[in-house]
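Chain by chain, the residues:
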Amino acid sequence: MLDLWHTGIVTKLVDETHNTRRFWIQVPDMDRFDFKPGQFVTLDLPIHEKKNKRWRSYSIASHPDGSNVFELVIVLLEGGLGSTYLFNEIKVGSELLLRGPQGIFVLPEPLDRELFLICTGTGIAPFRSMAHYIQLHGIPHAPIHLIFGVRYQHDLLYAAEMEQLSASLPNFNYIPTLSREENWTGKKGYVHSVYEELLQNDKRPAHFFLCGWKAMIDEAKHRIQALGYDRHDIHQELYG
């Protein structure tokens, strides 16, 4: 399946924040688009002559629901050929050539260790998929901490949804962390201080899943290992 390209049809578009958009895509030639939470799809966009310069990969933001529709959440990057094309040219009814699902950034089995899901920006996408999947299937799990870092409150993706999950899914802690918002009563600064504070007096068994830009991931790996964890405890999905 990995080498097969499918034609997807965009069925719905919603602007989630000032610079992010949600894309719902149906794959008509499949009865079900089956994937594991955390996996991604690759789009082949008409933005370059060379194949490898046309391909853009995005984590699936929805959870597998037995249908042939999935959701992506995409940020408009300044000067980004792929995101500029998707924001300017793609409408409801547009076709997208896609391949997938792919990737090994998936939940461990069983979920018997504490789980730290650490992300910035649209890096929340695979974790949203994982959290809904865990809730929907009633999967037993150790405490889960979703640590989501952005600059301002208006940058928080799926904020109301994550608050609802935090209230309804036992042992699921949603921790939005803002680096530049002045009138914010929650966690301030960067994501690293949050997991370090949670673990400062108790190095307990844990998995760390990191999703976002390279600088955040590199720093997180360094800090997590400095806490005494092994690199095999760390799983990453790099954006950009």
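Look up: the structure comes first, before these words.
These numbers come from a predicted model, not from an experiment. (Residues numbered from 1 in each chain as written. Predicted model: local features only at pLDDT ≥ 70, side-chain atom pairs only at ≥ 80, totals over all residues. Heavy atoms only, no water.)

1. Describing the sheet that holds strand β8 (residues 144-150)
The strand order β10-β9-β8-β7-β11-β12 describes an open sheet built from six strands, whose pairing is parallel. Of all strands in the sheet, those bounded by a partner on one side alone are β10 (187-188) and β12 (234-239). In this structure, strand β9 (residues 172-178) lies alongside β10, joined through two bridges in parallel fashion. Note that in β10 the partner of Leu-178 across the bridge is Lys-188. Against the sheet, helix α3 (residues 159-168) engages β8 and β9, with an angle of about 145 degrees to β9. In the packing of helix α5 (residues 214-226) onto the sheet, the strands contacted are β7 (114-120), β11 (206-213) and β12, and the crossing angle to β11 comes to about 155 degrees. (Pairing = 2+ DSSP bridges. Helix = DSSP H or I, 4+ residues; strand = E, 2+ residues; numbered from the N terminus. Contact = heavy atoms within 4.5 Å. Axes fitted to C-alpha atoms, helices over the stretch in contact; angles between N-to-C directions.)

2. Digging into the packing of helix α4 (residues 191-199) against α5
Packing of α4 against α5 leaves a shortest axis separation of 10 Å and a crossing angle of 20 degrees. In terms of their interaxial angle, α4 and α5 are classed as roughly parallel. For the crossing formed where α4 meets α5, the hand is right-handed. Touching Val-191, His-192, Tyr-195 and Glu-196 of α4 are Met-216, Glu-219, Ala-220, Arg-223 and Ile-224, all from α5. Considered class by class, the residues forming the contact of α4 with α5 number five nonpolar, one polar and three charged. (Parallel < 35°, antiparallel > 145°, perpendicular 65-115°, else oblique. Left-handed = near helix turned anticlockwise from the far one by under 90°. Nonpolar A, V, L, I, M, F, W, Y, C, P; charged D, E, K, R; others polar.)

3. Considering the packing of aromatic side chains
A complete count under the given rule lists eight aromatic pairs for this structure. With centroids separated by 6.2 Å and ring planes inclined at 65 degrees, the aromatic side chains of Phe-23 and Phe-87 adopt a geometry described as edge-to-face. Of this pair, Phe-23 sits in strand β2 (residues 20-26) while Phe-87 sits in helix α1 (residues 81-89), placing them 64 residues apart in sequence. Across the pair, exposure class does not vary: Phe-23 and Phe-87 are buried alike. Here Phe-116 and Phe-208 contribute two aromatic rings whose centre-to-centre distance is 5.1 Å and whose plane-to-plane angle is 15 degrees, an arrangement assigned as stacked. (Phe/Tyr/Trp six-rings, centres within 6.5 Å; stacked < 30°, edge-to-face > 60°. Buried < 20%, exposed > 50% of the residue type's maximum accessible area, 1.4 Å probe, protein only.)

4. Observations regarding the environment of Glu-95
On the secondary structure map, Glu-95 appears in strand β6 (residues 95-102). Sequence separation between Glu-95 and Asn-19 is 76 residues; the distance between their C-alpha atoms is 22 Å.

5. A closer look at the nonpolar core
Leu-117, Ile-124, Phe-127, Leu-146, Phe-148 and Phe-172 are the most contacted members of the largest nonpolar core, which has 31 residues in total. Contributing elements (two or more residues each) for this core: β7, α2 (125-137), β8, α3, β9 and β11. The leading source of residues in this core is α2, at five residues. With residues near it in sequence (within four places) discarded, Phe-172 still touches Ala-131, Ile-144, Leu-146, Met-162, Leu-165 and Ser-166. Core analysis: the second largest hydrophobic core is formed by 21 residues, Val-10, Val-41, Ile-60 and Ile-74 among them. (Core = buried A, V, L, I, M, F, W, Y, C linked by side-chain atoms within 4.5 Å.)

6. So, the side chain of Thr-17
Relative to the elements of secondary structure, Thr-17 occurs in strand β1 (residues 5-17). Within the structure, Thr-17 has its side chain in polar contact with the side chain of Thr-20 (distance 2.6 Å). Those residues in contact with Thr-17 that sit more than four places away from it in its chain are His-154, Asp-155, Leu-156 and Leu-157. (Polar contact = N/O pair within 3.5 Å; in protein donor to acceptor, adjacent residues only side chain to side chain.)

7. Comments concerning the pattern of salt bridges
Summed over all chains, the structure comprises 14 salt bridges. Two residues, Arg-21 and Asp-15, come together in a salt bridge whose shortest N-O distance is 2.7 Å. Residue Arg-21 is classed as buried on the basis of its relative accessible area, which comes to 17%. Among the residues examined, Asp-15 registers a relative accessible area of 52% and is labelled exposed. Notably, a salt bridge pairs Asp-44 with Arg-54, separated by 2.7 Å at the nearest N-O pair. With Asp-44 in strand β3 (residues 40-44) and Arg-54 in the loop between β3 and β4 (55-59), this residue pair connects regions lying 10 residues apart in the sequence. Take Asp-44 and Arg-54: they sit in the same class, and that class is buried. One continuous salt-bridge network, built from bridges that share partners, spans Glu-16, Arg-22, Glu-71, Arg-128 and Glu-161. (Salt bridge = Lys/Arg side-chain N within 4 Å of Asp/Glu carboxyl O.)

8. Points about the pairing of β2
Counting buried residues in β2 gives six out of seven residues, a clear majority hidden from the surface. Alignment of β1 against β2, held across seven bridges, turns out to be antiparallel. Bridging across to β2, Leu-13 finds its partner in Phe-23. Where β1 folds back on β2, the antiparallel hairpin that results is connected by two residues. Pairing between β2 and strand β5 (residues 69-75): seven bridges, direction antiparallel.

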